[in-house]
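Below are the chains, spelled out letter by letter.
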Amino acid sequence: MSLTGLVIPLKGGIVMDMKRMNKIVEVNPMARWAVVEGGTSQGMLKAYLQKNHPGLRHSLPDAPAATTIAANVSLHGQGRLTQQYGFNSDMVTGLEVVLPTGEICRIGSPSIGPHWFSRGPALPDLSGLFLGWLGTTGIITRVGLMLYPNKKIRDVELFVTDRVELIPEMLFRLTHLEMLEDINVWFQPKPLMFQDNFHITIYFTGDDDEEIEFKRKKLWGVMQPYIDSRDGGFMSIQYIREGLLEMPQRSIADFADVPKGGGFEYSGPIVPIDHFPRYAAKLVELAAKYRLLYAGAARLISGGHSMMFAVSFAFNRDDRDLMARVKEALEEATEFALEQGGIPWKPNFIEQKMILKKMDPSTRRIFAMIKKNLDPRGIMNPGNWEVE
Amino acid sequence: MESEASCSQNTHAIKHGDIVHRCFRCGCCKFPSDYNDFNCPSYRAFGWDTYAPGGRMWLIRGWMEGEIETNQRFAEIMYACAVCDNCKNQCVFPRFRDALPDIFEEVKAELVEEGVVPPPVRDYFKAVATNGNPYKLPQATRGDWAKGTGIEKFSGPEYLFYVGSVGAFDEVGMKMARSVARLLLKAGVSVGILADEETCDGNDGKAMGQTGLFQQLALDNIGKFRQKGVKKVITLDPHAYNTFKNDYPALGADFQVFHHTEILAELLRGKKLALCERSGKVTYHDPCYLGRHNGIYAPPREALKAVPGLLLTEMRQSGVNAFCCGGGGGNFFTDMLAAGEDSPGRVRVRQALETGAAVIAVACPNCAKMLADAVKTEGLEERLAVQGVAEIIEQALS
């Protein structure tokens, strides 16, 4: 679990590198699920499916391909299919977990029989004891994961507007179509051509030109009123098309190198989609206050019930002052998100403390109870999700 | 506290030190473009991020800032890099990525300066400095490989055929060199060799950070070539090709350089060699110093495809994504990548086996030896042979 510093041994201990436990154990192409070991990377599953089951895909995140599937689901990661089907952790079809006691435990249908098709239903869903717990309740050694149709054609359109207040409505209309793969909204001041505009990247798939053109026609249709009112329009994407369609989208890392310093960090709370304008305004405010280069990006989740809004700042690792300002800005962003009722995503230990402080006391007690029962000696990723 | 204080005094500077911190550690550097496997030979061999380019970059940063001391362990990790250039091709940052191989080389040069290098590296430097070749064999025997081929000592022909130390002294390399020499003569190419006057090209020494020794060898070779009137050089070895083409010009070299597969492809295109039918399936292994370092992918394939009836099949990692045999960056001699199941040579021959080919065609004597050894270790002698492109062409001569 290498994302957002969650492997930093806050209280000492052993860091486990799972990446050599990387077998793809099983793929059931008809029932569309795969079982992978705890260290299997996103890239390896992608390549394996491309070669052996080209009609199937999994929800690939835009994180580097070296990141593991188990880490991704254990922190409620997202991927290219999150708009359609939810968090990647919603796609889990079973788990094998090593408990702090050393017991190996199977969760969901694999606890009853050999088939990894359901993580819970019709049983009580025990996967919730491990997903989102950032490794504090057990080590995931196997994951069952839903696979989805890999349509033959994938296409993208880019809608641009400068009317931030219209964005929730635009997203509502787009998700009403129930036919789009992924929807992202982004804005950034650099390069200059992107300044002062909001960009909605709309991905869609089809098995033939007829399906693609039908979907294109429908999505153009729902955006037509904004074109007519001159509140926005589709942008020609010829020169960035290849980068937009790449999976994982390597160009996302470019942002890290703008200050020539090899880093960016973001706070990405999960928020209702109608809150987009207030988060956008806060990001710009924070960037000005702390003198930072920013990028804002949002991804829709589960057909628009919520979105992840990433408040991103690039930094130069050689500039300690800049890094300190980024840290302060991100903490303020998290405070803002909690004030607004958002949930910080992939929270680091500081954000975890902020969440637990804000949390309803009864819920916090359940947190403490679960941790105490599963890990009474507090040996698993200590310092994370600790209720004081 | 005491160790922290002593560490902090021990900081290091390298030419590209001001950009080392830009590595994002995204990990793309260790993959091929399609992510189907790991493509960094040292990461593949050891399985720890320490041995991947990103891990090395972070170690280097810690070393530069005095958080890590110069010691044998640090040196072993740096020298386990096979200089295959995959990281340079896969890094997500344009421009920055071009500096990656330089950064690793500069660190090794600093280790040489400090005198902290692994013993096999030290032995390599000593052997080359003393004998002009890493095999510690007498210079007088350097031309023995050519006996019976008919190729003569250079006396002003159009081309110099430079075989390098592996071609001159290693049994597998000598076999390749003889085939190339015979083919060149058969096609009527005007060519000669330096025989006992040839010395090491210095490519691997440079890759191992021994810049002084490299410079001495390079200037010596440049002077010798100039004195003899050498205008065009054909190399057996992509390592020599690489340094002749990319490093020697800055030191005053003014000769043209060709890899032998480029010449063979041209000769076959011009019908200078008549070939007969040879059935079978062959897969081609791209040497890093020919492919990724110098962008030569087509000529060896063109030469193989010129053999009537021969079926050329590709491994799943080929061309710019080819997996290294593990012999680059001096590892051919120093063996810093160990010999386990995941050693690069063994991984590569298993990839070749997947194609169903009976022969791995190679264009580099180092690769030939590494892969031939790996075939034996994997127990595949009955199913896979390793042959130079020139050997395959020669067997198909009518």
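Residues numbered from 1 in each chain as written. Chains lettered and ligands numbered in written order. Predicted model: local features only at pLDDT ≥ 70, side-chain atom pairs only at ≥ 80, totals over all residues. Heavy atoms only, no water.

K.L.:
Whenever I open this one, the overall build of chain B confuses me. Can you help?
P.N.:
Counting secondary structure elements, chain B contains 18 helices and 9 strands. For 398 residues, the compact-globule estimate of 2.2 N^0.38 gives 21 Å, and chain B sits close to it at 21 Å. Considered along the principal axes of its C-alpha atoms, chain B spans approximately 75 × 50 × 35 Å. By sequence separation, contacts in chain B at least 24 residues apart represent 79% of the contacts at least 6 residues apart. Carbon and sulfur atoms provide 48% of the accessible area of chain B, an area that totals close to 14900 Å². Side-chain charges of chain B comprise 44 positive and 49 negative groups, with the mean position of each set lying 5 Å from the other. (Helix = DSSP H or I, 4+ residues; strand = E, 2+ residues; numbered from the N terminus. Rg over C-alpha atoms; globule rule 2.2 N^0.38 Å. Contact = heavy atoms within 4.5 Å. Areas by Shrake-Rupley, 256 points an atom, 1.4 Å probe, with all protein chains shown as cover. Lys, Arg positive; Asp, Glu negative; His and termini not counted. Charge placed at Lys NZ, Arg CZ, Asp CG, Glu CD.)

K.L.:
Teacher, can you tell me more about the packing of helix H3 (residues 53–64) of chain B against helix H4 (residues 72–79) of chain B here?
P.N.:
Axis angle and axis distance: for two packed helices, these are the angle between their axes and the distance between the axes, and together they describe the pair. Residue and element names in this part refer to chain B. Running from N to C, H3 and H4 cross one another at 145°; their axes reach a closest spacing of 11 Å. You can see that H3 and H4 cross each other, and the crossing is left-handed. Each of Arg 56, Leu 59, Ile 60 and Trp 63 in H3 lies in contact with H4, whose residues at this interface are Phe 74, Ile 77 and Met 78. Split by residue class, the contact of H3 with H4 holds 6 nonpolar, no polar and 1 charged. (Axes fitted to C-alpha atoms, helices over the stretch in contact; angles between N-to-C directions. Left-handed = near helix turned anticlockwise from the far one by under 90°. Nonpolar A, V, L, I, M, F, W, Y, C, P; charged D, E, K, R; others polar.)

K.L.:
Looking at this structure, how should I read the interface of chain B and chain A?
P.N.:
How big an interface is tends to be reported as the loss of accessible area on association of its parts. Tallying the contact residues gives 26 residues for chain B and 29 residues for chain A. Buried surface at the junction of chain B and chain A, both sides included, amounts to about 2300 Å², of which 55% is carbon and sulfur. Between the two partners, chain B and chain A, sit 3 salt bridges. Measuring nitrogen to oxygen at the nearest pair gives 3.7 Å for the salt bridge that ties B:Asp49 to A:Lys19. One can count 6 residue pairs in polar contact (both at pLDDT 80 or more) joining chain B with chain A. Of all elements in the fold, only helix H2 (41–46) and H3 of chain B reach the threshold of two or more residues within the side of chain B that touches chain A. For the side of chain B that touches chain A, the class distribution of residues is 14 nonpolar, 4 polar and 8 charged. (Buried area = accessible area lost by both parts, 1.4 Å probe. Salt bridge = Lys/Arg side-chain N within 4 Å of Asp/Glu carboxyl O. Polar contact = N/O pair within 3.5 Å; in protein donor to acceptor, adjacent residues only side chain to side chain.)

K.L.:
Can you help me understand the environment of B:His12 in this one?
P.N.:
Residue and element names in this part refer to chain B. In this fold, His 12 is placed in the loop between helix H1 (2–9) and H2. On the basis of relative accessible area, His 12 is assigned to the buried category, the value being 7%. Each C-alpha atom of the pair His 12 and Met 64 lies 4.5 Å from the other, and the pair is 52 residues apart in sequence. Setting aside its immediate chain neighbours within four residues, His 12 contacts Trp 63, Met 64, Thr 70, Glu 110 and Glu 114. Side chain to side chain, His 12 and Trp 63 meet in a polar contact 3.2 Å long. Only 2.8 Å separates the side chain of His 12 from the side chain of Glu 114, close enough to count as a polar contact. (Buried < 20%, exposed > 50% of the residue type's maximum accessible area, 1.4 Å probe, protein only.)

K.L.:
How should I be thinking about the environment of B:Leu312 in this particular structure?
P.N.:
Within the element layout of this structure, B:Leu312 appears in strand S7 (residues 310–313). Residues B:Leu312 and B:Ala361, 49 residues apart in the sequence, show an inter-C-alpha distance of 9.5 Å.

K.L.:
Sorry, what's going on with the nonpolar core here?
P.N.:
One broad trend across soluble globular proteins is that nonpolar side chains are buried collectively. Residue and element names in this part refer to chain B. Counting residues in each nonpolar core, the largest one holds 81 residues, and the members touching the most others are Trp 145, Phe 161, Leu 184, Phe 225, Phe 244 and Ile 393. Among the elements that take part in this core, helix H9 (residues 171–186) stands out by supplying 7 residues, more than any other. For this core, the domains that each give at least three residues are domain 2 (136–265) and domain 3 (274–395). Every residue in contact with Phe 244, bar those within four places of it in the chain, is listed here: Tyr 162, Asp 201, Phe 225, Val 233, Thr 235, Pro 249, Phe 255 and Val 257. The next biggest cluster of nonpolar side chains, apart from the first, holds 56 residues, and it includes Ile 19, Phe 46, Cys 200 and Cys 288. (Core = buried A, V, L, I, M, F, W, Y, C linked by side-chain atoms within 4.5 Å. Domains from an automatic or database assignment.)

K.L.:
What exactly am I supposed to notice about the confidence of the model for chain B here?
P.N.:
Do not read the predicted coordinates in detail wherever pLDDT is low. In the predicted model, chain B carries a mean pLDDT of 94, and the fraction of residues at 70 or more is 97%. Contacts for the low-pLDDT stretch residues 1–9 of chain B, under 50 throughout, to residues beyond four places or in other chains number 5 contacts. (pLDDT = per-residue confidence, 0-100.)

K.L.:
Would you explain the state of the cysteines in this entry?
P.N.:
Structurally, a disulfide amounts to a covalent bond that connects the sulfur atoms of two cysteines. Following the criterion strictly, the structure yields 0 disulfides over all chains and no others. B:Cys26 provides the cysteine sulfur closest to B:Cys91, a residue in no disulfide bond, and the two sulfurs are 6.5 Å apart. (Disulfide = S-S within 2.5 Å.)

K.L.:
When you look at the domain arrangement of chain B in this model, what are you seeing that I'm missing?
P.N.:
Residues and elements named next belong to chain B. Domain parsing of chain B yields domain 1 (2–117), domain 2 (136–265) and domain 3 (274–395). The centre of domain 1, based on its C-alpha atoms, is set 31 Å off from the matching centre of domain 2. Contacts between domain 1 and domain 2 engage 6 residues on the former and 5 residues on the latter. Carbon and sulfur atoms supply 55% of the area buried between domain 1 and domain 2, which totals about 490 Å² over both sides. Summed over the shared surface of domain 1 and domain 2, the number is 1 salt bridge. Ionic pairing is found between Lys 206 and Glu 105, a salt bridge with its closest N-O pair at 2.8 Å. With 4 residues, helix H6 (residues 100–114) is the single largest residue contributor to the side of domain 1 that touches domain 2. Taken together, the residues of the side of domain 1 that touches domain 2 sort by class into 4 nonpolar, no polar and 2 charged.

K.L.:
Mind showing me how you'd approach the pairing of strand S14 (residues 293–301) of chain A here?
P.N.:
Side chains on a regular strand alternate between the two faces of the sheet. All names here are of chain A. For S14, a buried count of 8 out of 9 residues is recorded, marking the element as mostly surrounded by other parts of the structure. Of the strand pairs in this sheet, S14 and strand S15 (residues 306–316) are connected by 9 bridges, and their pairing is antiparallel. Its bridge partner lying in S15, Leu 300 is registered against Met 307. The hairpin turn running from S14 into S15, its antiparallel successor, is 4 residues long, and Ser 302 in that turn takes a positive phi close to 50°. (Pairing = 2+ DSSP bridges.)

K.L.:
Looking at this model, I keep getting lost on the pattern of salt bridges. Mind explaining?
P.N.:
Side chains that carry opposite charge are capable of pairing whenever their charged atoms lie near each other. Residue and element names in this part refer to chain B. Evaluation of the coordinates by the stated rule reveals 56 salt bridges over all chains. When the shortest N-O distance is used, the salt bridge between Asp 49 and Arg 25 registers 2.9 Å. In this pair, Asp 49 is assigned in the loop between H2 and H3 and Arg 25 in the loop between H1 and H2, connecting sequence segments 24 residues apart. Since its relative accessible area comes to 38%, Arg 25 is described here as partly exposed. A salt bridge links Arg 316 to Asp 37; the shortest N-O distance between them is 3.5 Å.

K.L.:
Just to check I follow, could you spell out unusual backbone geometry for this structure?
P.N.:
A negative phi angle is the norm for most residues apart from glycine, just as the trans form is the norm for most peptide bonds. Residue and element names in this part refer to chain A. The omega torsion across Pro 121 and Ala 122 is 10°, close enough to zero to call that bond cis. Note that Ala 122 resides in the loop between strand S5 (104–107) and strand S6 (139–146). Following Lys 190, the chain continues into Pro 191 via a peptide bond in cis, with omega recorded as -10°. Its location among the elements puts Pro 191 in the loop between strand S9 (182–187) and strand S10 (198–206). In this structure, Asp 196 is a non-glycine residue whose phi angle is positive, near 70°. In this structure, Asp 196 sits in the loop between S9 and S10.

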